[in-house]
Amino acid sequence: MAHSAVSQVSVAVPVGSDLSIRRSIFKPHTLSFCGTLWAPILTLDLSTKNARSKYRYTICMSVQQANAPKVSVSPLQLEDAKEPPLNTFKPKEPYTATIVSVERLVGPKAPGEVCHVVIDHGGNVPYWEGQSYGVIPPGENPKKPGSPHNVRLYSIASTRYGDSFDGRTASLCVRRALYYDPEKGKEDPSKSGVCSNFLCNAKPGDKVQITGPSGKIMLLPEDDPNATHIMIATGTGIAPFRGYLRRMFMESVPKYKFGGLAWLFLGVANSDSLLYDDEFSKYLRDHPDNFRYDTALSREQKNKNGGKMYVQDKIEDYSDEIFKLLDGGAHIYFCGLKGMMPGIQGTLKRVAEERGVSWEEKLSQLKKNKQWHVEVY
């Protein structure tokens, strides 16, 4: 079921220039999002059918967008829906969307590259926060000559309004998958991730085949706007949580006024690997009573035993608070590589046993109460 997109959006924009979005598709007379001076709220008409004209006015928001005051959004029909959209487009009949921008998110000392990819779906593939898109990279499936590649799933890293607040775009957080051949002592491009490299190499205007949206496990429960949400991410697992937090703290959504607690734990290798850190740091400054933000930098920090600091070590540091919040009905979310879960589960089990609680029974209760949300890959 597709919904028509709203034609206008109110966006607070700064005036200035920004080299971090030098790959964007701005024309010389358009506005940048990294200046220190802010213009009044503008209303931009995004309803044009002309592709060239449309891209002239499409706003490629960089992560510096967090410096803006709260943005008023025109509510989409999606706010009235009782159920999330599911599989509007299937692998055999994908939707042809358009790349708006690709931005490198990490610094020079990060091991590997992570990109923020904004995709224009024209309002035809609506989604809820916490859902995923499938991407079908161009070319043939080497295991099935003559057939397209298999679908790769990516958690969506934006709210239903997208980074341009008009319901026409979705953002993905993509790590470029490369294979290092230890025998040759260099990367082997023949074994590189087909889809991640396609997305990270994409240019504005390139076409991309998408499916979905899919997934209901990571949907943000909004029946209680004062609920507590504990979010635990490693690497690009930050994607759905960026969407949650933008909805909570960046957008002014008439039907969702967040007044609870959002607590984010992010595990990455080092400071240069932090993703969307400017946004999260801004929320921390502006909403200290509603947001907490803790990072685990495995190559820069030590845990209490002198070993590398992983996200499960941070959880252990705050275990008493976390268990009390869970006892009070908090939701807890995990997103990232599946290898993160054994360490986290082991930590939670050990802490539970120290408290005289059976972790198996506690976990069963959390699942029964729909407080436990896991999406790993």
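Bear in mind the structure is a predicted one, so any value in this text is a computation, not a measurement.

Peer 1: Describe the overall build of the protein, and please don't skip the residues or the numbers.
Peer 2: Looking only at helices and strands, the protein has eight helices and 21 strands in total. Counting the 377 residues in the protein, one finds 54% classified as buried. Within the structure as shown, the protein displays about 17400 Å² of accessible surface, and the carbon and sulfur contribution to it stands at 51%.

Peer 1: Give a detailed account of the packing of aromatic side chains, specifying residues and quantitative values.
Peer 2: Counted under the stated rule, the structure contains 20 aromatic pairs. Ring plane angle 65° and centroid distance 5.9 Å describe the contact between Trp359 and Trp372, whose orientation is recorded as edge-to-face. Residue Trp359 is located in helix α8 (residues 359-368), and its partner Trp372 is located in strand β21 (residues 372-376); the two are separated by 13 residues in the primary sequence. For the pair Trp359 and Trp372, one class covers both residues: buried. Following the ring pairs from residue to residue traces out a cluster consisting of Phe249, Tyr256, Phe258, Tyr276, Phe280, Tyr283, Phe291 and Tyr293. Its guanidinium or amino end placed over the ring of Trp263, Arg292 lies 3.7 Å from that ring's centre, counting from NZ or CZ.

Peer 1: Requested: an account of the sheet that holds strand β6 (residues 95-104), with residues and values cited.
Peer 2: The strand order across the open sheet formed by six strands is β11-β8-β15-β6-β7-β12, and the pairing between neighbours is antiparallel. Of all strands in the sheet, those with a lone pairing partner are β11 (152-155) and β12 (169-175), marking the two edges. Across the sheet, the mean angle from the axis of one strand to that of its neighbour is 40°, orientation sign disregarded. Bridging between strand β7 (residues 114-120) and β12 involves seven bridges; their strand directions are antiparallel. By the bridge assignment for β12, Val114 is matched with Arg175.

Peer 1: Which residues make up the pairing of β7, and what values do they have?
Peer 2: Taking burial as the measure, the seven residues of β7 include seven buried ones, the bulk of the element. Burial of the side chains of β7 extends over both faces: Val114, His116, Val118 and Asp120 are buried on one face and Cys115, Val117 and Ile119 on the other. Pairing analysis gives six bridges linking β6 to β7, with the strands arranged antiparallel. Note that in β7 the partner of Ile99 across the bridge is Ile119.

Peer 1: Could you give an account of helix α2 (residues 194-201), naming the residues involved and the relevant values?
Peer 2: Buried residues dominate α2, accounting for six of its eight residues. Looking at α2, one finds that the buried residues are Cys195, Ser196, Asn197, Phe198, Leu199 and Cys200.

Peer 1: Give me the sheet that holds strand β16 (residues 228-234): which residues, what numbers.
Peer 2: In space, the five strands of this open sheet follow the order β19-β18-β16-β20-β21, with parallel pairing throughout. Sheet topology places β19 (291-297) and β21 at the edges, where each strand pairs with a single neighbour. The mean angle between the axes of side-by-side strands here comes to 10°, regardless of whether they run parallel or antiparallel. Taken together, the seven bridges between strand β18 (residues 261-268) and β19 define a ladder with parallel strand orientation. Within β19, the position partnered with Trp263 by the bridge is Arg292. Of the strands in this sheet, β18 and β19 touch helix α4 (residues 277-286), which is tilted by about 140° from β19.

Peer 1: Before we move on, could you go through the packing of helix α3 (residues 239-250) against α4 and cite the residues and values that matter?
Peer 2: Between α3 and α4, whose axes approach to 11 Å, the crossing angle comes to 35°. Crossing handedness for the pair α3 and α4: left-handed. For the pair α3 and α4, the contacting residues are Arg242, Leu245, Arg246, Phe249 and Met250 in the first and Glu279, Phe280 and Tyr283 in the second. Each residue belonging to the contact of α3 with α4 can be placed in one class, and the counts come to five nonpolar, no polar and three charged.

Each value, and the rule that gives it
- Residues numbered from 1 in each chain as written.
- Predicted model: local features only at pLDDT ≥ 70, side-chain atom pairs only at ≥ 80, totals over all residues.
- Heavy atoms only, no water.
- Helix = DSSP H or I, 4+ residues; strand = E, 2+ residues; numbered from the N terminus.
- Buried < 20%, exposed > 50% of the residue type's maximum accessible area, 1.4 Å probe, protein only.
- Areas by Shrake-Rupley, 256 points an atom, 1.4 Å probe, with all protein chains shown as cover.
- Phe/Tyr/Trp six-rings, centres within 6.5 Å; stacked < 30°, edge-to-face > 60°.
- Lys NZ or Arg CZ within 6 Å of the ring centre and 35° of its normal.
- Pairing = 2+ DSSP bridges.
- Axes fitted to C-alpha atoms, helices over the stretch in contact; angles between N-to-C directions.
- Contact = heavy atoms within 4.5 Å.
- Left-handed = near helix turned anticlockwise from the far one by under 90°.
- Nonpolar A, V, L, I, M, F, W, Y, C, P; charged D, E, K, R; others polar.

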